[in-house]
Amino acid sequence: MTARLLIVGPQGSGKGTQGVRVGEALGVPVVSTGDVFRANVSQGTDLGRQVKSIIDAGDLVPDELTSAVVRDRLSQADAAEGFLLDGYPRNLAQVMHLDEFLEGRDEKLDAVIALVVPREESLARLTARATEQGRADDTEEAIATRLGIYERETAPILSVYGTRGIVDEIDGVGGLDEITARIFAALEARGLRPAR
Ligand code: AMP
């Protein structure tokens, strides 16, 4: 079974945690652009040096650069039968880039998991994470920038995917297992069943 999925939600919606659970259950690699960028920053690569100040400020890395990173990753052998993208696409330009890439491979997305979490809840979770993990982009200012970008630029991508009938809106408030169960129920309704 192939499964090509996106998980979309504001920062602090738990999409990272849920994405890993879904990817593992379906047996597809999880590709988090945020994780790829952070790994490059900590390894001090050219890409890392290019993106560090952008990420620390909570701004978006340029679309061309981000899309090139994603194309490169999705071209690896382990993504041939599917993938779960976490944190990409994040705006309409990136939706177009992903469309072009997938069309070129005669592939299409199966589902877009949209985690719905109210702004106050995301804010509270991000502030708690800032204290626990000390991420450089979890300052109050960067958090506000990221949530603003989500509302202005990322939320509109759901309308585009919505017209294709592939969006599953999932209530992202509740216990971790409860939310995972909601996601699996939605995926099963599309014929996407966890392998284990
Ligand atoms: P995340 O872990 O998904 O919150 O991503 C952390 C940071 O990486 C973001 O605030 C952006 O600076 C950058 N980033 C991640 N994904 C993208 C993307 N699709 N487009 C542009 N920048 C991104």
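Our subject is the structure that appears above.
Since the structure is predicted, the reported quantities are computational estimates derived from the model, not experimental observations.

Novice: It is not clear to me how the environment of Asp 46 should be interpreted in this structure. Could you clarify?
Specialist: Note on placement: Asp 46 falls in helix H3 (residues 46-57). Among the residues examined, Asp 46 registers a relative accessible area of 57% and is labelled exposed. With 97 residues separating them along the chain, Asp 46 and Ile 143 place their C-alpha atoms 25 Å apart. A polar side-chain atom of Asp 46 sits 2.7 Å from a polar atom in the side chain of Arg 49.

Novice: Help me out: how do you make sense of unusual backbone geometry in this one?
Specialist: Most peptide bonds adopt trans geometry, and most residues besides glycine take a negative phi value. For the bond running from Tyr 88 to Pro 89, omega is -5°, close enough to zero to count as cis. For Pro 89, the location among the structural elements is in the loop between strand S3 (82-86) and helix H5 (92-104). For Asp 106, which is not a glycine, the phi torsion comes out positive at approximately 60°. Position of Asp 106 among the secondary structure elements: in the loop between H5 and strand S4 (111-116). When its relative accessible area of 74% is taken as the criterion, Asp 106 is described as exposed.

Quick notes on the rules
- Residues numbered from 1 in each chain as written.
- Predicted model: local features only at pLDDT ≥ 70, side-chain atom pairs only at ≥ 80, totals over all residues.
- Heavy atoms only, no water.
- Helix = DSSP H or I, 4+ residues; strand = E, 2+ residues; numbered from the N terminus.
- Buried < 20%, exposed > 50% of the residue type's maximum accessible area, 1.4 Å probe, protein only.
- Polar contact = N/O pair within 3.5 Å; in protein donor to acceptor, adjacent residues only side chain to side chain.

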